[in-house]
Amino acid sequence: MSDDSGSDDLSGLTGFFFYVFIVHPCTAWILRPGRFERKKSIMYAIAFLAALAAIKTGMEWQQRGPNHYATLGVTRSSNPLEIKRAYRKLSLDLHPDKNQSPTASDEFDAVKQAYDVLMDMEFREVYNKFGKEGIKNNKRFDETQFLLEVGVFYLTWGMMAFMLTLGKKSGEARNWTFTGLLVMLVVEVALMTSQQNPIPAWLAPTWTEYEVVWLLHSLFPAFMNGCRSLGSFLYVDLDMQTRQLLLALQEQSKDILLVLRDVQIGVQSLAASGGAVGGGAAGGARLAGAVPAGGANSTTGGAVVNPMSRATPTGKIKELQDRLQTSNANVAKAVQQLNPESQKSSNLGFYAMILGYIAISYIFN
């Protein structure tokens, strides 16, 4: 971890404002409902954030220049003999007396500086942990100072993440962000407190612990804002869906009561008719209890048959079945919207965090 130059702090602050005030609105525009299909919106947003983070971090990495291992063309697991061989070869090629390049002198000085640092085991350890600024300031690992710096950094970012994820729609985003912050903290503590470099030799063989921590710190703003955008987009308001379900059930109950009341009236009308012979227009009108007066004297047989068929108890039961099917469709739709996606995503996030911790422990141990 670095406490060093204000340039790193300024770069981190600039990146934070860049992601919050420029990248987040652009991502929200991509994820706006109706602009693209749901899956395509998520894919476009992730691709946009990943590409932007890669470009920005890559440009900052290029500005930092190669580290001492890359300068000499060795790896962090190289022994002093391999470092000395690489230095001799490069010093012959880059010596100003033999190399006519205008930058030969600077390149030769960089090779000499890298050799001096990596050949001294104490300086090499300081360089791996704290970078070039650690060598300049003759910094040493102090557990109290390290914990203080880590506490300030993660407390600051934790407060920022909490403030930026306030509100019901950002609940999942807050969980994702703090999970990422926790994983980053575990990785940083494992890297900075180990006596030997815990990174496997095959993984980024020229990177130091300091550079890995810098990369994590540089990518975290992009990760946080990606969580904010996707969390808001994927948010499901369970309270509103519950209210919609209850309203649908209430409407269904009203329909059932109304139809049952009509059936009851029809049955009572049938009993009151004294078993009158069906088929008469006047009897049908009395059984229905709802046919207009003009319809009762209608001479057209077809005009009277349909109201009579609807007025019978059997017709009312059929009407009840139709209404129940419609109401059940509305209730089923509301229930489908209440599927436990958020709970599943929370469980998946929890399991992913556990698996990530196991993977990290396995890699670094």
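Definitions and cut-offs
Residues numbered from 1 in each chain as written. Predicted model: local features only at pLDDT ≥ 70, side-chain atom pairs only at ≥ 80, totals over all residues. Heavy atoms only, no water. Phe/Tyr/Trp six-rings, centres within 6.5 Å; stacked < 30°, edge-to-face > 60°. Helix = DSSP H or I, 4+ residues; strand = E, 2+ residues; numbered from the N terminus. Buried < 20%, exposed > 50% of the residue type's maximum accessible area, 1.4 Å probe, protein only. Lys NZ or Arg CZ within 6 Å of the ring centre and 35° of its normal. Core = buried A, V, L, I, M, F, W, Y, C linked by side-chain atoms within 4.5 Å. Salt bridge = Lys/Arg side-chain N within 4 Å of Asp/Glu carboxyl O. Axes fitted to C-alpha atoms, helices over the stretch in contact; angles between N-to-C directions. Parallel < 35°, antiparallel > 145°, perpendicular 65-115°, else oblique. Contact = heavy atoms within 4.5 Å. Nonpolar A, V, L, I, M, F, W, Y, C, P; charged D, E, K, R; others polar. Expected span 1.5 Å × (residues − 1).

Enquirer: Go over the packing of aromatic side chains, please, and point to the residues and values.
Expert: Summed over the entire model, instances satisfying the criterion amount to 9 aromatic pairs. Each ring, one from Trp 157 and one from Phe 220, has its centre 5.4 Å from the other, and the planes form 85 degrees; the classification is edge-to-face. Of the two residues, Trp 157 is situated in helix α7 (residues 143-164) and Phe 220 in helix α9 (residues 209-233); the sequence distance between them amounts to 63 residues. Phe 220 carries the same exposure label as Trp 157, and that label is buried. Members of the aromatic cluster, connected to one another through ring pairs, are Phe 153, Tyr 154, Trp 157, Phe 220 and Phe 223. The side chain of Arg 64 reaches across the aromatic face of Trp 214, ending 4.5 Å from its centre.

Enquirer: Would you mind going over unusual backbone geometry in detail, with residue names and values included?
Expert: With a phi close to 55 degrees, Asn 138 is a non-glycine residue in the positive phi region. Secondary-structure assignment places Asn 138 in the loop between α6 (121-136) and α7. Here Ala 204, not a glycine, exhibits a phi torsion of approximately 50 degrees, which is positive. Along the chain, Ala 204 turns up in the loop between α8 (171-193) and α9.

Enquirer: Before we move on, can you summarise the nonpolar core with the specific residues and values?
Expert: Grouped together as the largest cluster of nonpolar side chains are 18 residues, with contacts concentrated most on Tyr 154, Trp 157, Leu 181, Met 184, Leu 191 and Phe 220. Of all elements in the fold, only α6, α7, α8 and α9 reach the threshold of two or more residues within this core. Element by element, the count of residues in this core is highest for α7, at 6 residues. Residues Leu 72, Ala 86, Leu 94 and Val 117 belong to the second largest nonpolar core, which totals 13 residues.

Enquirer: Can you explain the pattern of salt bridges? Please cite residues and give values.
Expert: A pair can form between side chains of opposite charge whenever their charged atoms are brought close. Counting across every chain of the model gives 7 salt bridges. With a shortest N-O distance of 2.9 Å, Lys 112 and Asp 116 are connected by a salt bridge. One end of the pair, Lys 112, and the other, Asp 116, are both in helix α5 (residues 104-119), 4 residues apart, so they sit about a helical turn from each other. Assessed through its relative accessible area of 33%, Lys 112 is described here as partly exposed. Residue Asp 116 is classed as partly exposed on the basis of its relative accessible area of 38%. A salt bridge links Glu 149 to Lys 139; the shortest N-O distance between them is 3.6 Å.

Enquirer: Break down the packing of α8 against α9 for me, with residues and values.
Expert: Running from amino to carboxyl end, α8 crosses α9 at an angle of 175 degrees, the nearest separation of the two axes being 9 Å. The pairing of α8 with α9 is recorded here as roughly antiparallel in orientation. The residues of α9 that touch α8, namely those facing Ala 173, Trp 176, Thr 177, Gly 180, Leu 181, Met 184, Val 187, Glu 188, Leu 191 and Met 192, are Glu 209, Val 212, Val 213, Leu 216, His 217, Phe 220, Phe 223, Met 224, Cys 227, Arg 228, Leu 230 and Gly 231. For the contact of α8 with α9, the residue count by class is 15 nonpolar, 4 polar and 3 charged.

Enquirer: Describe helix α2 (residues 38-64), with residues and values.
Expert: The terminal C-alpha atoms of α2 lie 39 Å apart, and with 27 residues this matches the ideal 39 Å at 1.5 Å per residue to within 8%. Downstream of α2 by one or two residues, Gly 65 has phi in the positive range, about 80 degrees.

Enquirer: Go over the packing of α5 against α6 with me, naming the residues and quoting the values.
Expert: Running from amino to carboxyl end, α5 crosses α6 at an angle of 130 degrees, the nearest separation of the two axes being 6 Å. One finds that α5 runs oblique with respect to α6. In this structure, α5 contributes Val 117, Leu 118 and Met 119 to the contact, and α6 contributes Met 121, Phe 123, Arg 124, Tyr 127 and Ile 135. Tallied by class, residues from the contact of α5 with α6 come to 7 nonpolar, no polar and 1 charged.

Enquirer: If you had to explain α5 to someone new, which residues and values would you point to?
Expert: When the terminal C-alpha atoms of α5 are compared, their 22 Å separation across 16 residues agrees well with the 22 Å that a helix rising 1.5 Å per residue should span. Listed as buried for α5 are Ala 104, Phe 108, Val 111, Ala 114, Tyr 115, Val 117 and Leu 118.

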